Amino acid sequence: MPDRSLWITGPTLSGKTSRLIEQFCIRGQNLKSPLNEIVRPENSENILDDRPKIPDFLHTSPKILILAANANNRLDLMDRISEATSEQYPYHSTTPLGFFEDEVNLFWPLLIESLDLKAQFPLRLRPETEQELAGKVWRPHIEKGLLQQPGVTRERMIRRILDLFQLAAFSCTPIEETAMILQQGFEQVDSGEFYENIVELLQQWRHWCLQKGLLTYGIITELYWRYLLPNPNYQQYLIDRYPFLLADDVDEYPAIASDLCNFLLDNGTLGVFTYNPDGGIRLGLGADPEYLAELQKRCQIEVLDTEQNLATEIGEPIVELVLDTYSLNSSIFQLPAFLQLIQTRSRAALLRKTAEAIAKDIKLGIVEPQEVAIIAPGLDAIARYSLISILNYHGIAVDSLKDQRPLISYPTIRALLSLLTLVYPGLGRLVDRDAVAEMLVVLSQRSIGKAEKQTDGQENLQRTNDIDPVRAGLLADHCFYPDITHPHLLPIQAFSRWDRVGYQATRVYNQILEWIEEQRSQQEQRQLPNPIFLLDRAIQKFFMSSYLSFTELAALRELMETATHYWEVERRLQKSSQFSVTTSTPNDSLEEDLSSSTVEKFIQFLRKGVVSANPFPVRTIGYSPPAITLATVFQYRASRRCHRWQFWLDIGSPLWLSGGTATLYGAPLFLQSQLGNSWTIEDTQKSDRERLRKILLDLLSRVGSPVGYGNNSSANGSNEHRIFLCHSDLAVNGQEQTGPLLPLVYSSISNTA
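A brief look at the structure comes next.

Each value, and the rule that gives it
Residues numbered from 1 in each chain as written. Predicted model: local features only at pLDDT ≥ 70, side-chain atom pairs only at ≥ 80, totals over all residues. Heavy atoms only, no water. Helix = DSSP H or I, 4+ residues; strand = E, 2+ residues; numbered from the N terminus. Contact = heavy atoms within 4.5 Å. Areas by Shrake-Rupley, 256 points an atom, 1.4 Å probe, with all protein chains shown as cover. Phe/Tyr/Trp six-rings, centres within 6.5 Å; stacked < 30°, edge-to-face > 60°. Buried < 20%, exposed > 50% of the residue type's maximum accessible area, 1.4 Å probe, protein only. Lys NZ or Arg CZ within 6 Å of the ring centre and 35° of its normal. Arc of directions from axis to C-beta. Pairing = 2+ DSSP bridges. Axes fitted to C-alpha atoms, helices over the stretch in contact; angles between N-to-C directions. Core = buried A, V, L, I, M, F, W, Y, C linked by side-chain atoms within 4.5 Å.

1. So, the overall build of the protein chain
A tally of regular secondary structure across the protein chain gives 27 helices and 20 strands. For the protein chain, contacts bridging at least 24 residues in sequence account for 79% of all contacts bridging at least 6. Accessible surface, the protein chain: about 34,700 Å² in total, of which carbon and sulfur atoms supply 51%.

Written out as structure tokens, the structure is:
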């Protein structure tokens, strides 16, 4: 019943999730769960024979559905629930997109029957693979110039179109109506044909994927709301399985999640929801907070007030100072002393001064590393590397949240790809002497002595290279035979002065050469099923015998996951794909050409830098040493962390207006409150100001002791909070800073650190 459901609302860190867990403990006991029925007191052997007979399949059947905003929040929520309930109640925990994917896979036979699809198990595409295949499917239209927009590259245009599919699916909008929504929203009457072409391409892409059993997040979501959720058989299953629903941070959910919740509530499911009016972190990326907020009309509302924090103390004056650009008093407003300014002329000097200030205070014992967060609207690779290097030099660990470092940037990955070119034929254009020299250096690396714990949480790896860069260069110059069809390494005697290489380097080089020749021989004899086996053998041979850091292991794991997924997709496409190699050749030569062609495409795919080293699980297991948090504004808010000291980097950057993340093309047009309406410049300015207000209030609310301390005092007994405004007069490109937070800089000149 609607009056039994609970809607918990409140600002950041007001205890919404804790209240959600309390409701889980209280109301979970009332469920007729098999686990509840078989619980018996200890030493009650006489009662064991009287307990009810329960089918085996019911013992672990979850009756509770728990939704979280993202994977990290889900893991944290699971840990807290397990601690509070001692894992007494079975439940199913997932994210909204994860739930849709699981349900589509589970009820794929129903979709096959209703859509008349080929009976094959579905395979979900990764975003980078999705974009690559979409570019191939749409190549005829691209060559005709039907997807051209001024200032938009081909890759960016393909990504925009795919994002439109996802946005339409999230908002329960048929893709056939996408052209009308875009034309009305952007008020571009003369672009009607262009938007119609987009709809045609999306329909073609959907049909192509479904015929081959390939799924994307957009297709999964559309299949769920359009075909699966209205199915009577599936509806009955959903009603019987989940009598209890908990949804945390629903302000981050897409509109389709509201339809799912409404259906469950209509059929007697008990719901508990948490909502942050100042949240909406994923607004512009598919979330629709206003539409989800309508669920509160069906629930009993419970409003939570936050404890005294900086947001309640100075939040409104700071927001007014930043947003009210016409206020005459803004120039004379004096910020509190705990807002200090770090100012330099150049950004390079700012990075060094900020890192040195943090290191100095940590060494003096004023603050602990886990109490410090560096937050920026955007972090480029140079800034991230500079901060981490300087802090690690001082013995301070840094926890960089999802830095999205390209997989190809790791030397171990480049070395493995070079190995592939030396084993499989026809890949000579993908390897050169520099790549071979790097491969020799990486493959000859070994650990010496015993690993010791380092400050960054990894092992202090004492390593040496049996083939140093100088010798590797000599060997590549004299012992590498470049060839388009069969590039290979020559025996070391091909180098007339091979005696100058040394015994150790010669021995290791001969071992590498012998191993490569052995793998090439097995490949010619068809003893290598696919390159995944070769990569696994190479990792076992050259890397597993030495100590590897967590980042290196993560890169290797991501490589294997990417390679496995790539060959699964390729295997699916080979069955009846227009991209498979011609079938007019004999079977043996076809298999060889197919493997080499796939390896070539895989190497070129990774060299584009579109794959990041973020494998699953997304966090380390076990002990993690105290570390400074380094993140963008979006990453920091999504992680739900809090710190006693915050360093707001690049305070003068205009990226603060967007929260450090780009809004998807056309995202505001697919909000339920905006469908069919035009989106003007005034709407954009209003949306940016509202987003900036939420960012400021959210960051101020998160100035406190890190999670894990039971009170407001820090690890060293201090409860002093600080916010450092880090500003450089010039941006990276040498231009003056013109960001929206400059009034904070002008008002804190007297508080210079």
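There's plenty left to go through after this.
2. Observations regarding the packing of aromatic side chains
All chains considered together, the criterion is met by 23 aromatic pairs. Seen from their ring centres, Tyr 234 and Tyr 237 are 6.0 Å apart, and the 35° between their planes marks the pair as tilted. Taken together, the residues span about one helical turn, with Tyr 234 and Tyr 237 both in helix α12 (residues 232-241) at a distance of three residues. Judged by its relative accessible area of 0%, Tyr 234 falls in the buried class. The exposure class assigned to Tyr 237 is partly exposed, which follows from its relative accessible area of 21%. Between Trp 645 and Phe 724, the aromatic rings sit 5.4 Å apart at their centres with planes inclined by 55°, giving tilted as the arrangement. Placement of the pair is Trp 645 in strand β19 (residues 645-648) and Phe 724 in strand β20 (residues 722-728), with a sequence separation of 79 residues. Just as Trp 645 is buried, Phe 724 falls in that class too. An aromatic cluster is present here, built from Phe 99, Phe 100, Phe 107, Tyr 224, Tyr 234, Tyr 237 and Tyr 242 joined pairwise through their rings. A cation over a ring is seen here: Arg 405 above Tyr 410, with NZ or CZ 3.9 Å from the ring centre.

3. A few points about helix α9 (residues 178-186)
If you check which residues of α9 are buried, you get Thr 178, Ala 179, Ile 181, Leu 182 and Gly 185. Summarising the axial view, the buried residues of α9 lie within an arc of 165°, below the 170-degree limit, and thus occupy one face. Looking at the buried positions of α9, the neighbouring elements they touch are α8 (154-170) and α10 (192-211). Where α9 terminates, the next one or two residues include Glu 187, which has phi positive at roughly 55°.

4. Observations concerning the sheet that holds β19
Read from one edge to the other, the open sheet built from six strands follows the order β9-β20-β19-β10-β18-β11, with strand pairing classed as parallel. Taken across any chain shown, the strands that pair with only one partner, and hence form the sheet edges, are β9 (339-344) and β11 (397-400). Strand-to-strand twist across the sheet, computed as the mean angle between neighbouring axes with direction ignored, equals 20°. The sheet contact formed by β19 and β20 spans four bridges and is parallel. Opposite Phe 647, over in β20, you have Phe 724 as the bridge partner. This element, helix α17 (residues 381-393), spans β10 (372-376), β11 and β18 (627-632) of the sheet and lies at about 155° to β11.

5. Notes on the nonpolar core
Judged by nonpolar contacts, the single largest core of 85 residues is most densely connected at Phe 99, Trp 138, Trp 205, Tyr 224, Leu 238 and Phe 273. The dominant element in this core, judged by the number of residues it contributes, is α10, at ten residues. Sequence-distant contacts of Leu 238, that is, excluding residues within four places in its chain, are made with Phe 99, Glu 103, Tyr 224, Leu 229, Leu 260, Phe 263 and Leu 264. Ala 435, Ala 472, Val 508 and Phe 602 belong to the second-largest nonpolar core, a separate cluster that totals 63 residues.

6. Overview of the pairing of β20
In terms of residue burial, β20 counts as a mostly covered element, since seven of its seven residues are buried. Here β20 shows no split at all, with Arg 722, Phe 724, Cys 726 and Ser 728 on one side and Ile 723, Leu 725 and His 727 on the other all buried.

Remember, this is a structural readout, not a statement about activity or role.
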